[in-house]
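What follows is the residue order along each chain.
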Amino acid sequence: MIVIKDHVFTLHTRRTSYQMKADAYRVLLHTYYGARVGDADLSYPIRYADRGFSPNPSEAGDWREYSLDTLPQEYSSCGVGDYRIPSLELEPQDGSHLADLRCIGYERRSGKYALEGLPAFFGGEEWETLVVFLEDAAAHVGVELYYGVLEERDLITRAVRVVNKGDKPVRLRRAASLCLDFDGGDWDFVTFDGCHVMERCPHRTPLRHGVQSVGSVRGTSSHHHNPFVMLCAHDAAEDHGLCYGAMLLYSGNFEAAAERTHLENNRLVMGINPYHFCYTLAPGEAFTTPEAALVCSPDGFAPMTHQYHRAIREHLIRDPLKGTRRPVLINNWEATEFHFDAEKLVEIAQGAVGLGIEMFVMDDGWFGSRDTDLSGLGDWSVNLKKLPGGLEALVPRIQALGMKFGLWVEPEMVSEDSALYRAHPDWALGVPGRPQTRGRSQLVLDFTREDVRDYICKAMCQVLDSADISYIKWDMNRSLSDVWSAALPPDRQGEAYHRYVLGLYEVLERLRTRYPDLFIEGCSGGGGRFDAGMLYYTPQIWCSDNTDAVDRLRIQYGTSFCYPASTMGAHVSAVPNGQTGHATPMETRGVVAMSGTFGYEMDLGTVTGEERETIARQVQQYKEHWDLVESGDYYRLSSPFDEGPYTAWAHVAPDRRRALVSLVTGTMHAAPPFSTLRLKGLDPDLCYRVNGKESYRGDVLMQVGYPVPILLNDYQSMQLVLEAE
Ligand code: GLA
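Residues numbered from 1 in each chain as written. Predicted model: local features only at pLDDT ≥ 70, side-chain atom pairs only at ≥ 80, totals over all residues. Heavy atoms only, no water.

Caption draft 1: Layout of the overall build of the protein chain. Looking only at helices and strands, the protein chain has 12 helices and 38 strands in total. Scaling as 2.2 N^0.38, a compact globule of 725 residues should have a C-alpha radius of gyration of about 27 Å, and the protein chain matches this with 27 Å. If you line up the protein chain on its principal axes, its C-alpha atoms span 85 × 70 × 45 Å. Within the span of the protein chain, comprising 725 residues, buried residues form 62% of the whole. For the protein chain, restricting intrachain contacts to residue pairs at least 6 apart in sequence, the fraction spanning at least 24 positions comes to 69%. Side-chain charges in the protein chain split into 70 positive and 99 negative, and the spacing between the mean points of these groups amounts to 1 Å. (Helix = DSSP H or I, 4+ residues; strand = E, 2+ residues; numbered from the N terminus. Rg over C-alpha atoms; globule rule 2.2 N^0.38 Å. Buried < 20%, exposed > 50% of the residue type's maximum accessible area, 1.4 Å probe, protein only. Contact = heavy atoms within 4.5 Å. Lys, Arg positive; Asp, Glu negative; His and termini not counted. Charge placed at Lys NZ, Arg CZ, Asp CG, Glu CD.)

Have a look at this one:
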């Protein structure tokens, strides 16, 4: 609910309130964000004091106590007395570098605003929109702050539109999506960091004086830092304590910077990374930032997680399979890498028959001269030596075995050893006169160029039209470098990184429109572009190239803080694992993969009788419980980063009548202590039958716990299915 009274704008969600106020000088102050309160003006605790070296805007005259440097700002200015992180940096033609914003109006709308060419949460009447209009009068620049309020999900989205209202061009050096000021408070900054094959591990540090930031300058959101961060009270944990999540719906360079000031105030700014960003707005033109999405939870991380999960599932993912189960798939990559032919693929697919597996995915290596990762990218025609008769021949053979067919593609890339590169060397990103930097021996196609995007769309359509293809895995296997676009003049090269991302979104949207039933899984060397922006186009993302069940506990734990299990591609693969050498039991690999979108990544043509039985059982279990994984509330019951004896988590049905609890042990030591697993999210008054045997009341399972049996050996697992009686 949005309440507007005397220049005070209050956005209420079910459990939280957010407030800003245009003060006497029309400066938009941020006055509150936290647990739900009434509509009163909450600017009263703001203290005005003359602080040395904190200057005063001209309107304030000699009122030295009034300074933008000390007041909480809704969207911070630059160069006019606020020395904290700016949200906006403008560069008009006079070469100045200021942004001085005053409120000039507002508009309230029912429903949710949309952002052209950018991913955004969507929905109908359950949303309200507020637009607050600011202006830098001297620069003739308008700044529109968009707020989307999804009351039931405690979600507040934000985006900013910067409009050049003058008659000369203006350059944007920075345009953040979100600024969040807190007067006082001691916060921890939580970020989700890692690397290829070990993504999104949470790190929590007290906010110290100065600026702490994470971000990406790799052209993608990256394996290294995720565009989701949290601020939380020092004592916040899963079930208690104030915490804030901030998510950016963007798949390119981003920055999330938190600052603690000399006055013990705190600021979080999040948006496109200002590195190599400079966007020219001609008179009348506008720039729209990516969307940011905030959830505040007064009661710890778990409620924040649930609200993000629900909002993403209901209002971000455009899943062609919404409401129905996604097919259990078998992917040939780890089994064969590039070394396969049609007969080998059919052998793997035949191995899947009778196991309940529903889709076969042919991974990298099926096209052009792609026998290694040195060649072939860009040539999206079937390698007829490997697949005689092409997809037209292979797909019906797979379908005859009762499976749908899926395909790997990496459309943003080109190998120098390819017909495409030989014909269009200038289509790859690179600065004329400089040697190009290779990554995985490949170059990146310049998606800022319309001709390149058109070519790739056409090539993809040719492939998709050639056979009955239900799914594609859209991969992207390197970071950007040598970013320079032939489509842009020299003084607009600072737009190239962003225009690349817009180009990617455009191509994905064109494919989605043309093939509404096509299911697209995102991938970038696993989870190198696992962000909410991509989820708008690709409803699931391959979580990591690391399929080791033990490491996956960590990766999936970190990912779960804001991204739902139904978005995490997770497969059972062969052991010893290629990344770690771990030989975890098949059962355990199944338990871990079942907390994502389930599948297999092994040579099913060679699995033994006993393993086949296990696989068939696992697939059956997944099919029985998929609705819990898809739409249940996710509870982290323990952390894989702790020294504890096990990692446990649960998916609890929205009506709390069913739950699937999973537990995986670490390395075993003699004389293990007895442990009891306290569950969460159950109905205290209901009685639950556990695995069809004993029954316990919900309050007992939550307060006293379930006695965990001693599981001998390393990396054992256990699943409990709870059903209310
Ligand atoms: C990336 C993906 C893998 C696989 C390979 C193929 O690394 O993450 O799953 O598809 O590319 O080259």
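Caption draft 2: Representation of the packing of helix H9 (residues 549-559) against helix H10 (residues 586-593) within the structure. The interhelical angle for the contact between H9 and H10, taken along N-to-C directions, is 15 degrees, at an axis separation of 9 Å. When the axis of H9 is compared with that of H10, the two are roughly parallel. For the crossing formed where H9 meets H10, the hand is left-handed. On H10, the residues that touch Ala 549, Arg 552, Leu 553 and Gln 556 of H9 are Thr 588, Arg 589 and Val 592. Class assignment of the residues belonging to the contact of H9 with H10 gives a composition of three nonpolar, two polar and two charged. (Axes fitted to C-alpha atoms, helices over the stretch in contact; angles between N-to-C directions. Parallel < 35°, antiparallel > 145°, perpendicular 65-115°, else oblique. Left-handed = near helix turned anticlockwise from the far one by under 90°. Nonpolar A, V, L, I, M, F, W, Y, C, P; charged D, E, K, R; others polar.)

Caption draft 3: Quick look at the pattern of salt bridges. Going through the model one piece at a time under the given rule, you end up with 54 salt bridges. In this structure, Arg 161 engages Glu 144 in a salt bridge whose closest nitrogen and oxygen atoms are separated by 3.0 Å. Taken together, the residues span a long stretch of sequence, with Arg 161 in strand E9 (residues 155-164) and Glu 144 in strand E8 (residues 141-150) at a distance of 17 residues. Residue class for Arg 161 comes out partly exposed when judged on its relative accessible area of 30%. When the shortest N-O distance is used, the salt bridge between Glu 358 and Lys 623 registers 3.5 Å. With Glu 358 in the loop between helix H3 (342-352) and strand E22 (359-362) and Lys 623 in helix H11 (residues 609-631), the pair connects residues that are 265 residues apart, well separated along the chain. In this structure, a network of salt bridges that share partners links the residues Asp 82, Arg 84, Asp 181 and Arg 267. (Salt bridge = Lys/Arg side-chain N within 4 Å of Asp/Glu carboxyl O.)

Caption draft 4: Quick look at the site of the ligand. Residues in contact with the ligand amount to 13 residues; listed here are only the nearest, Asp 363, Asp 364, Arg 440, Lys 473 and Asp 545. Within the contact set of the ligand, an oxygen atom lies 3.0 Å away from a side-chain nitrogen or oxygen of Trp 408. Measuring from an oxygen atom of the ligand, one finds a backbone N or O atom of Gly 526 at 3.0 Å. Burial of the ligand by the surrounding chains reaches 96%, relative to a free accessible area of 310 Å². (Near = heavy atom within 4 Å. Polar contact = N/O pair within 3.5 Å; in protein donor to acceptor, adjacent residues only side chain to side chain. Areas by Shrake-Rupley, 256 points an atom, 1.4 Å probe, with all protein chains shown as cover.)

Caption draft 5: Region of the structure containing the sheet that holds strand E32 (residues 646-652). One open sheet holds the six strands; their spatial order is E31-E32-E33-E38-E35-E36, and the pairing between them is antiparallel. Of all strands in the sheet, those bounded by a partner on one side alone are strand E31 (633-636) and strand E36 (695-697). On average, adjacent strands in this sheet sit at an angle of 25 degrees to one another, irrespective of strand direction. When strand E33 (residues 658-665) meets strand E38 (residues 717-724), the two strands line up antiparallel, connected through seven bridges. Bridging from a neighbouring strand, Ala 659 pairs with Leu 722 of E38. (Pairing = 2+ DSSP bridges.)

Caption draft 6: Region of interest: the nonpolar core. If you look at the biggest cluster of nonpolar residues, it comprises 187 residues, and the most contacted ones within it are Tyr 75, Met 247, Ile 357, Met 362, Trp 366 and Trp 380. The dominant element in this core, judged by the number of residues it contributes, is helix H7 (residues 496-514), at nine residues. Beyond its immediate sequence surroundings of up to four residues, Met 362 is in contact with Asn 332, Phe 340, Leu 345, Leu 387, Leu 391, Leu 394, Phe 405, Gly 406, Leu 407 and Trp 408. Within the second largest apolar cluster, 25 residues are counted, among which are Leu 637, Val 690, Met 702 and Leu 722. (Core = buried A, V, L, I, M, F, W, Y, C linked by side-chain atoms within 4.5 Å.)

Caption draft 7: Expanded view of H11. The first and last C-alpha atoms of H11 sit 34 Å apart over 23 residues, in line with the 33 Å expected at 1.5 Å per residue. His 625 marks the point of greatest bend in H11, at about 60 degrees. Every buried residue of H11 is accounted for by Thr 614, Ile 615, Gln 618, Val 619, Tyr 622, His 625, Leu 628 and Val 629. Buried-residue contacts for H11 involve strand E29 (568-573), H10, strand E30 (597-601), E32, E33 and E38. (Expected span 1.5 Å × (residues − 1). Bend = angle between axes of the 7 residues up to and from the residue.)

Caption draft 8: Examining the packing of H10 against H11 more closely. Between H10 and H11, whose axes approach to 10 Å, the crossing angle comes to 20 degrees. Relative to H11, the element H10 lies roughly parallel. Here H10 runs over H11; the crossing is right-handed. Residues Met 586, Glu 587 and Gly 590 of H10 form the contact with H11, whose own contacting residues are Glu 611, Thr 614, Ile 615, Arg 617 and Gln 618. Grouping the constituent residues of the contact of H10 with H11 by class yields two nonpolar, three polar and three charged.

Caption draft 9: Representation of a nonpolar patch on the surface within the structure. A contiguous nonpolar patch, built from Phe 674, Ile 710 and Leu 712 and spanning about 390 Å² of accessible area, is present on the exposed surface. Accessibility expressed as a relative area gives 63% for Leu 712, which makes it exposed. (Patch = residues over 30% accessible without salt bridge, like charges linked within 9 Å, V, L, I, M, F, W, Y side chains within 5 Å.)

Caption draft 10: Highlighting the pairing of strand E3 (residues 16-22). Of all the seven residues making up E3, seven are buried; the element is thus mostly covered by neighbouring parts of the structure. Of the two faces of E3, the one carrying Thr 16, Tyr 18, Met 20 and Ala 22 and the one carrying Ser 17, Gln 19 and Lys 21 are both buried. Bridging between strand E2 (residues 8-12) and E3 involves five bridges; their strand directions are antiparallel. Across the sheet, the residue bridging to Phe 9 is Met 20, located in E3. Once E2 ends, the chain turns through three residues before running back antiparallel as E3. Judged from the seven bridges that link them, E3 and strand E4 (residues 28-35) form a sheet pairing that is antiparallel.

Caption draft 11: Focus on H7. The terminal C-alpha atoms of H7 lie 27 Å apart, and with 19 residues this matches the ideal 27 Å at 1.5 Å per residue to within 8%. Among all positions of H7, only Ala 496, Tyr 497, His 498, Tyr 500, Val 501, Gly 503, Leu 504, Tyr 505, Val 507, Leu 508, Leu 511 and Arg 512 are buried.

Caption draft 12: Local environment of the sheet that holds strand E27 (residues 519-522). Here eight strands make up a closed barrel; going around it, the order is E21-E22-E23-E26-E27-E28-E29-E30 and the pairing parallel. Geometrically, the sheet is characterised by an average inter-axis angle of 30 degrees between neighbouring strands, direction not taken into account. Sheet topology places strand E26 (residues 471-474) next to E27; four bridges connect them, and they run parallel. Among the inter-strand pairings, Ile 472 is bridged to a residue of E27, identified as Ile 520. With respect to the sheet, H10 is in contact with E29 and E30, its orientation differing from that of E29 by roughly 170 degrees. Together, E29 and E30 form the strand contacts of H11, whose direction differs from that of E30 by roughly 165 degrees.

Caption draft 13: Seen up close, the packing of aromatic side chains. This model, assessed by the stated rule, comprises 40 aromatic pairs. Seen in terms of ring centroids, Trp 366 and Phe 367 are 5.1 Å apart; in terms of plane orientation they differ by 75 degrees. Their pairing is edge-to-face. By the burial criterion, Trp 366 is buried, and Phe 367 matches it. Among the aromatic residues, those joined into a cluster by ring pairs are Phe 192, Phe 228, Phe 301, Tyr 308, Tyr 557, Phe 561 and Phe 641. In this structure, Lys 386 is placed above the aromatic ring of Phe 340, and the distance from its NZ or CZ to the ring centre is 4.8 Å. Positioned over the ring face of Trp 542 is Arg 552, at 4.8 Å from the centre of the ring. (Phe/Tyr/Trp six-rings, centres within 6.5 Å; stacked < 30°, edge-to-face > 60°. Lys NZ or Arg CZ within 6 Å of the ring centre and 35° of its normal.)

Caption draft 14: Structural detail: unusual backbone geometry. Of note, the amide linkage connecting Val 575 to Pro 576 takes the cis form, showing an omega dihedral of -5 degrees. Turning to its location among the elements, Pro 576 is positioned in the loop between E29 and H10. The phi dihedral of Tyr 715 falls on the positive side, at around 50 degrees, and the residue is not glycine. The topology assignment puts Tyr 715 in the loop between strand E37 (706-708) and E38. Its relative accessible area of 14% is what places Tyr 715 among the buried residues.

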